[in-house]
Amino acid sequence: MCGILGLVSSNNFYQDRFSGALRTMHHRGPDGGGEFVDNNVYLGHRRLSIIDIDDRSGQPMKSKCGQYVLVFNGEIYNYKDLKKRYLSKIVFRTESDTEVLLELLIAHGTEVVKELCGIFAFAFYDKNQNDVTLCRDRHGIKPLYVHQSEGSFIFASEIKAITEIKGYTE
């Protein structure tokens, strides 16, 4: 099932709550988890290993050059076809649809999303541009909640993670 969490904030108070908020989604991904931090961008992932159970497929997944980072929840059903069609010259580190998605986004930008068949929600971060792009499958199968307030933008697979960062109680 997996879970993703992201925070773009100039408020250190919220940043201090990020790890705790990610832990609230442990049940979405008991096989692993990870965090990435770059200036004011925080990305987190909880992993349920299905397609490629190797640790190399863990997330947040960074590009070989280190400029791009991806957190991804879902499954791309046609990733092998897309890999063959668009990325045949790339040497892959994993057998995961996550790495294929990362490389597709790097090579072709978000226009490639139109060709994805599957269920997904992801955040793609370009460190050089300081840009986070969110995307969700066209049927909205995989959850992606967002919250924006002064000085912060938060997104997550579950509302509870957002409320944990904001310090709300339900």
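A short tour of the structure in this document, coming up. Within each chain, residue numbers correspond to sequence positions counted from 1 in written order. Under the rules for a predicted model, residues below a pLDDT of 70 receive no local features and side-chain atom pairs below 80 are neither given nor counted, while totals for whole chains, interfaces and linings still include all residues. Processing note: side-chain calculations cover all non-hydrogen atoms of the structure and skip hydrogens and water entirely.

### A look at the overall build of the protein chain
So, step 1. Going along the chain from the N terminus, every DSSP run of H or I of four or more residues is numbered as a helix, and every run of E of two or more is numbered as a strand. A count of helical and extended segments in the protein chain gives 5 helices and 9 strands.
So, step 2. In sequence order, the protein chain lays out its α and β elements as β-α-α-β-β-β-β-α-α-β-β-β-β-α.
So, step 3. The globule rule is 2.2 Å times the number of residues to the power 0.38, and the radius of gyration it is compared with is taken over C-alpha atoms. Relative to its length of 170 residues, the protein chain is compact, with a C-alpha radius of gyration of 15 Å against a globular reference of 15 Å.
So, step 4. Summarising its shape, the C-alpha atoms of the protein chain cover approximately 45 × 30 × 30 Å along the three principal directions.
So, step 5. Partly exposed residues are those whose accessible area sits between 20% and 50% of the maximum for their type, while under 20% is buried and over 50% is exposed, using a 1.4 Å probe and protein chains only. Here the protein chain holds 170 residues, and 51% of them are scored as buried.
So, step 6. Counting only carbon and sulfur atoms, one obtains 47% of the accessible surface of the protein chain, whose full area is about 8600 Å².
So, step 7. Within the protein chain, the 22 negative side-chain charges are centred at a point lying 2 Å from the centre of the 21 positive side-chain charges. Under the convention used here, a 1.4 Å probe and the Shrake-Rupley method define accessible areas, while residue burial counts only the protein chains that appear. Charged residues are defined narrowly, with Lys and Arg counted positive, Asp and Glu counted negative, and His plus the chain ends left uncounted. To locate a charge, take atom NZ for lysine, CZ for arginine, CG for aspartate or CD for glutamate.

### So, the sheet that holds strand E9 (residues 152-156)
So, step 1. Pairing between strands is defined by DSSP: at least two bridges between the two strands are required. Read from one edge of the open sheet, 5 strands run E2-E3-E1-E9-E8, paired in antiparallel fashion. Since the sheet does not close on itself, it has two edges, and those belong to strand E2 (32-38) and strand E8 (145-149), each with one partner. For this sheet, the mean inter-axis angle between neighbouring strands, taken without regard to orientation, is 5°.
So, step 2. Pairing analysis gives 6 bridges linking strand E1 (residues 3-9) to strand E3 (residues 41-47), with the strands arranged antiparallel. Looking across to E3, one finds that Gly-3 is bridged to Arg-46.
So, step 3. Here a residue-residue contact requires only that any non-hydrogen atoms of the pair lie within 4.5 Å. Orientation is described by lines fitted to C-alpha atoms, with helices fitted over the stretch in contact, and by angles between N-to-C directions that extend from 0 to 180 degrees. Across the sheet, helix H5 (residues 159-166) lies against E1, E8 and E9, angled at about 150° from E9, the strand it touches most.

### Quick word on helix H4 (residues 97-108)
So, step 1. Its 12 residues give H4 an end-to-end C-alpha distance of 16 Å, which sits within 8% of 16 Å, the value for a rise of 1.5 Å per residue.
So, step 2. Where burial is concerned, most of H4 is hidden: 9 out of the 12 residues are buried.
So, step 3. Of the residues making up H4, those classed as buried are Asp-97, Thr-98, Glu-99, Val-100, Leu-101, Leu-102, Glu-103, Leu-104 and Leu-105.
So, step 4. Elements in contact with the buried residues of H4: strand E4 (61-62), strand E5 (68-76), helix H3 (79-86) and strand E6 (118-126).
So, step 5. A positive phi of about 70° marks Gly-109, the residue just after H4. One less than the number of residues in a helix, times 1.5 Å, gives the span that helix is expected to have.

### A word on the nonpolar core
So, step 1. Buried residues of nine kinds, namely Ala, Val, Leu, Ile, Met, Phe, Trp, Tyr and Cys, make up a nonpolar core once their side-chain atoms join them within 4.5 Å. Leu-70, Leu-105, Leu-116, Phe-120 and Phe-122 are the most contacted members of the largest nonpolar core, which has 21 residues in total.
So, step 2. Listed by contribution, the elements that provide at least two residues to this core are E5, H3, H4 and E6.
So, step 3. With 5 residues, the top contributor of residues to this core is H4.
So, step 4. Not counting residues within four places of it along the chain, the set of residues in contact with Leu-105 comprises Leu-70, Thr-110, Val-112, Val-113, Phe-122 and Phe-124.

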